[in-house]
Amino acid sequence: MLDPKYVRSNPEEVAKLLKTKGFDFPVEQFVELENQRKELQVQTENLQSERNTRSKGIGKAKAAGEDIQPLLAEVAELGKQLDEAKANLSALQEKLEDLLVGVPNIPDASVPEGEDEEDNVEVRTWGTPRAFDFEPKDHVELGELDGQLDFETAAKITGSRFSMLKGKLARMHRALIQMMLDTQTEEHGYNEVYVPYMVNADSLRGTGQLPKFEEDLFKLPFGERHYYLIPTAEVPVTNIVRDEIIDAAQLPMKFVSHTPCFRSEAGSTGRDTRGMIRQHQFEKVEMVQIVEPSKSWDALEEMTGHAEAILQKLNLPYRVVALCGGDLGFSAAKTYDLEVWLPGQQKYREISSVSNMTDFQARRMQARWRNPETKKPELAHTLNGSGLAVGRTLLAVMENYQTADGKIEVPEALRPYMGGVTEV
RNA sequence: GGAGGGAUGGCUGAGUGGUCGAAAGCACUGGUCUUGAAAACCAGCGGUCCGAGAGGGCCCCAGGGUUCGAAUCCCUGUCCCUCCGCCA
């Protein structure tokens, strides 16, 4: 959520900045509601003040043994007025809240302008796509050769957009997870956490998936309420600090977690239907940092490097792109995507996304730190990034490490995790 | 599933329907003392919203209710703890 004070005093500017994200901020409606709110709030608080003073008076009179009947009569009408004012005020505040909670984060000044992914800006590239002396296959074809990647059985068990791995390929998938976790914990100082894969609505509101993007989630009825399958570990891990006031000494907090992710893909029917690029269920190793505000931009660069380290270990060619305003996510102020080279598609495809959410999620979550300078609780900054999407990494390894006879060479970095297996 | 107990400031923990936003301790900040530090002593110290300010409102798990007045009484829910049963 944006800072209501800031929005209140600069509604036009907010509208202008949000336009770069393709969002129309309803300035007039907001200002109108705000003015009403102010008037009602003052009125209500005056009534409350009046009631408090009178009630105290009654208490004193009673203690002094005086007759309180006349005082009670005076107060009779006050209660009704107060109830009415309170009801009006809370209805109005709810409207304002509903409006603000649906407004995305403001892009950082450094974010390139643009409407969609076509306008993203390449920041750097790493590695060179391999020159094949045969026609490279895509991962679906490679998987079919010895049946280790099986979409049909997964479709029978569940439905479309699910996959099943077998044998050495399943092991390589697991090896990737171990390698990623070990790298982030042992080399980059992250604290590994194991978290729930189902979360409540408060957590999703905290990170920004609710209320706007409910249709992207799997929702599970549970008693009178609902739980949701996590779309990313960002949700449970970032919510570790929801409603907390963190000691400055504990910052930065750096968490890494491996979880499955579940997405309904409601808005993407027909996109990436072939292969395991876009699945309802996939594994991801996620990095999350909670930092003091002045450090978040450095942390974004650092975290991007932590994700890149995995691709470099696997010797997979990739590029880093800065997302343009129109392609930025709801909660992000700035995002770098890592795109890995896929010989099967002859394209770079997203394999990681690293974002600085600034104080946007922290405000929704009330995640604060105590600033030693001011001694006051202030909003922290939150960041998250994939390190990496495991399914997509697996298919990138398959396509980049394929041999002419349709086998897959095991990358050096994975061999310690594969019990010496060199070919899948 | 059954039976009990609990939830209060950064943390621990008192709290009688009416000067209770709340004792005390810890932590923290400042001071005295000290060559320096520790200890001791003194003082300060919750969060949030409105307001230019003066000042005021709200917050004792959450939501309702009773009352002129609720941390305190009543109802519902959530979470935690103990015991029994079941269970990977």
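Look above for the structure.
Described in the following lines is the structure provided in the data block. Keep in mind the model is a prediction, meaning the values are calculated, not measured. (Residues numbered from 1 in each chain as written. Chains lettered and ligands numbered in written order. Predicted model: local features only at pLDDT ≥ 70, side-chain atom pairs only at ≥ 80, totals over all residues. Heavy atoms only, no water.)

Along the backbone of chain A there are 12 helices and 16 strands. When the backbone C-alpha atoms are referred to their principal axes, chain A occupies close to 100 × 45 × 45 Å. For chain A, the residues scored as buried account for 50% of the 424 residues in total. As presented, chain A carries roughly 20900 Å² of accessible surface, and 47% of it is formed by carbon and sulfur atoms. (Helix = DSSP H or I, 4+ residues; strand = E, 2+ residues; numbered from the N terminus. Buried < 20%, exposed > 50% of the residue type's maximum accessible area, 1.4 Å probe, protein only. Areas by Shrake-Rupley, 256 points an atom, 1.4 Å probe, with all protein chains shown as cover.)

Scanning the model with the defined rule gives eight aromatic pairs in all. Taken together, a centroid distance of 5.4 Å and an interplanar angle of 75 degrees make the contact between phenylalanine 132 and phenylalanine 134 edge-to-face. Neither residue differs from the other here; phenylalanine 132 and phenylalanine 134 are each classed as buried. With a centroid separation of 5.1 Å and an interplanar angle of 70 degrees, the aromatic rings of tryptophan 341 and tyrosine 348 are classed as edge-to-face. The class of tyrosine 348 is partly exposed, set by a relative accessible area of 22%. Of the aromatic side chains, those joined through ring pairs into one cluster are Phe213, Phe330 and Phe360. Directly above the ring of tyrosine 190 sits lysine 254, whose terminal nitrogen or CZ lies 4.9 Å from the centroid. (Phe/Tyr/Trp six-rings, centres within 6.5 Å; stacked < 30°, edge-to-face > 60°. Lys NZ or Arg CZ within 6 Å of the ring centre and 35° of its normal.)

This brings us to the sheet that holds strand E14 (residues 368–370). Sheet strands line up and pair through hydrogen bonds in the backbone, either parallel or antiparallel. Within the open sheet, the three strands sit side by side as E8-E14-E15. Their pairing is mixed. Strand pairing shows two members of the sheet lacking a second neighbour, strand E8 (245–246) and strand E15 (377–379), which therefore form its edges. (Pairing = 2+ DSSP bridges.)

Counted by the stated rule, this structure contains 23 salt bridges. The closest approach of N and O atoms between arginine 37 and glutamate 34, which form a salt bridge, is 2.1 Å. Here the residue arginine 37 and the residue glutamate 34 both occupy positions in helix H3 (residues 27–63), the gap between them amounting to three residues, near one helical turn. Each member of the pair arginine 37 and glutamate 34 is classed as buried. Across the pair arginine 363 and aspartate 359 runs a salt bridge, and its minimum N-O distance is 2.9 Å. For arginine 363, a relative accessible area of 11% gives the class buried. With a relative accessible area of 22%, aspartate 359 lands in the partly exposed category. (Salt bridge = Lys/Arg side-chain N within 4 Å of Asp/Glu carboxyl O.)

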